[in-house]
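# Architecture at a glance
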Amino acid sequence: MTGRNLPPLSLHVPEPPFRPGDTVDFADFDMPAAGAVRRPPIDTSPADIRDMAYAMVRVLDDEGRAQGPWDPRLAPETLLKMLRSMALTRAFDERLYRAQRQGKTSFYMKCTGEEATSVGAAHALDYDDMCFPSYRQQGLLIARDWPIVDMINQIYSNRADRLKGRQMPIMYSVREANFFSISGNLTTQYPQAVGWAMASAARGDTRIAAAWCGEGSTAEGDFHSALTFAAVYRAPVILNVINNQWAISSFSGFAGAEATTFAARAIGYGIAGLRVDGNDALAVYAATQWAADRARNNHGPTLIEHFTYRAEGHSTSDDPSKYRSAEEGGKWPLGDPIVRLKRHVIGLGIWDEERHAAMDLEVAELVKAAQKEAEKDGILQDGLKQSFDSMFEDVFEEMPWHLKEQSAQMHEERRAAGI
Ligand SMILES: Cc1ncc(C[n+]2csc(CCOP(=O)(O)OP(=O)(O)O)c2C)c(N)n1
């Protein structure tokens, strides 16, 4: 343009720190000391804890000792139950991942390295609190002792699948365990969780809701409308963001991580925001307990960012070696959540390596037995397990005339084709 001596405009396109083949160095990673962050009272005003959205609640130090005011001081049984649920979740993931490779199911997603974010939270919530998970919180169902054979039936879309083969594998729905139907459409569960929490409050109930989404999902519009409703009505809800740093091949910078934290999203809405070491089961437990007490006593919603690392591929359809350095997972400074809790309970003298090894064997056998049981009702390779008619059911409460017509047409065409 004439008469203007200005530099050309340009866009900033985020670039992840490490690409395939790069040497990984987390020296710049700001890792606050365990126990360093204060624990405010549950009726604190969101404005008074703005700094906490940039800090990190950590309980377990490098030696596995619990430090500071967020130590939830759990009973030995609770600590060991959490450890077992995390180990069982990992064993479940390993086996079902292999089942996909063997062609027994079409798809699977692991949560390896993120087990504390679901298992720690599940232990701090009441069983009748309603969970609105994403597809990476299988640890919630496992921590709530839901039978894993039922989860495998869904993954196999077999005869015993309660969802009648209508959903993609891992999109569980378990009303009895207060685990809301998973939807493939990212972040739709966020406003639904807030609405559920509002309904609970409007009815004078005492149950609260909790929602989970990934950091990539915070870029969805639903995330922002959910936060507005939660703040305006002070809905009794816990909004969890699992920042595992990757949304398939997009690093967290594309969801806004370069400029600020995900916990800091809460500030603009006037919501309490906490940032937590997501690989520290005790920190996840303590933050969830704080947020639950806050919600239950009508002090409003809390957004919790769980800082973690997606240790494996996004799904069985993904190859992370194409877009990130293979060294990343091993060098991630917050470690492995199972190893960290194990070190803690060994340090307390209530656990040892022998018992841990025996438990790993026991949970692997348990998953294997459940898989065998589920396979009696069929696997993917055997073909369809549900009646063709069931495909038209439950679209509406009562089947309307046009679906009856389509069903009849299907039968006619199958007859004509000799099947
Ligand atoms: C509305 C919508 N857009 C895109 C997708 C495709 N998709 C599935 S998972 C995913 C990445 C989500 O990443 P994140 O929220 O960080 O969660 P993570 O997978 O890391 O747990 C995308 C883009 C989708 N399922 N729904």
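My aim in this report is to walk through the structure given alongside it, one point at a time. (Residues numbered from 1 in each chain as written. Predicted model: local features only at pLDDT ≥ 70, side-chain atom pairs only at ≥ 80, totals over all residues. Heavy atoms only, no water.)

### Comments concerning the overall build of the protein
- Of regular secondary structure, the protein possesses 12 helices and 7 strands.
- By principal-axis analysis of the C-alpha atoms, the protein measures approximately 75 × 70 × 55 Å.
- When the 419 residues of the protein are sorted by exposure, 50% land in the buried category.
- For the protein, contacts bridging at least 24 residues in sequence account for 75% of all contacts bridging at least 6.
- On the protein, roughly 19,400 Å² of surface is accessible, and the fraction owed to carbon and sulfur atoms is 52%.
- Taking the average place of the 45 positive charges on the side chains of the protein and the average place of its 57 negative ones, the gap between the two points comes to 1 Å. (Helix = DSSP H or I, 4+ residues; strand = E, 2+ residues; numbered from the N terminus. Buried < 20%, exposed > 50% of the residue type's maximum accessible area, 1.4 Å probe, protein only. Contact = heavy atoms within 4.5 Å. Areas by Shrake-Rupley, 256 points an atom, 1.4 Å probe, with all protein chains shown as cover. Lys, Arg positive; Asp, Glu negative; His and termini not counted. Charge placed at Lys NZ, Arg CZ, Asp CG, Glu CD.)

### Considerations on the site of the ligand
- As a structural note, the neighbourhood of the ligand is formed by 15 residues, with Tyr 135, Arg 136, Gly 184, Ser 217 and Trp 246 the closest of them.
- Between a nitrogen atom of the ligand and a main-chain N or O atom of Leu 186, the distance comes to 3.2 Å.
- Within the side chain of Ser 217, an N or O atom sits 2.6 Å from an oxygen atom of the ligand.
- Protein chains bury 72% of the 580 Å² of accessible surface belonging to the ligand in isolation. (Near = heavy atom within 4 Å. Polar contact = N/O pair within 3.5 Å; in protein donor to acceptor, adjacent residues only side chain to side chain.)

### What about the pattern of salt bridges?
- Evaluation of the coordinates by the stated rule reveals 29 salt bridges.
- One salt bridge connects Asp 145 with Lys 81, and the closest N-O pair in it is separated by 3.3 Å. Of the two residues, Asp 145 is situated in the loop between helix 3 (138–143) and helix 4 (148–156) and Lys 81 in helix 1 (residues 76–101); the sequence distance between them amounts to 64 residues.
- Salt bridges sharing partners connect three or more residues here, namely Arg 58, Asp 277, Asp 280 and Arg 340. (Salt bridge = Lys/Arg side-chain N within 4 Å of Asp/Glu carboxyl O.)

### Let's talk about the pairing of strand 7 (residues 302–307)
- For strand 7, a buried count of 6 out of 6 residues is recorded, marking the element as mostly surrounded by other parts of the structure.
- With burial as the criterion, each face of strand 7 is covered, one bearing Thr 302, Ile 304 and His 306 and the other bearing Leu 303, Glu 305 and Phe 307.
- As defined by bridge partners, strand 6 (residues 272–277) adjoins strand 7 across 6 bridges and the pair is classed as parallel. Along strand 7, the bridge assignment pairs Leu 274 with Ile 304.
- In this fold, strand 6 hands off to helix 8 (residues 281–296), which returns the chain to strand 7; that crossover is right-handed. (Pairing = 2+ DSSP bridges. Right-handed = clockwise from strand over helix to strand, strands pointing away.)

### Quick look at unusual backbone geometry
- Here the phi dihedral of Thr 187 falls at roughly 75°; this positive angle occurs in a residue that is not glycine.
- Residue Ile 248 is not a glycine yet carries a positive backbone phi of 50°.
- Structurally, the position occupied by Ile 248 is in the loop between strand 4 (246–247) and strand 5 (250–251).

Shape is all these values report; function is a separate question.
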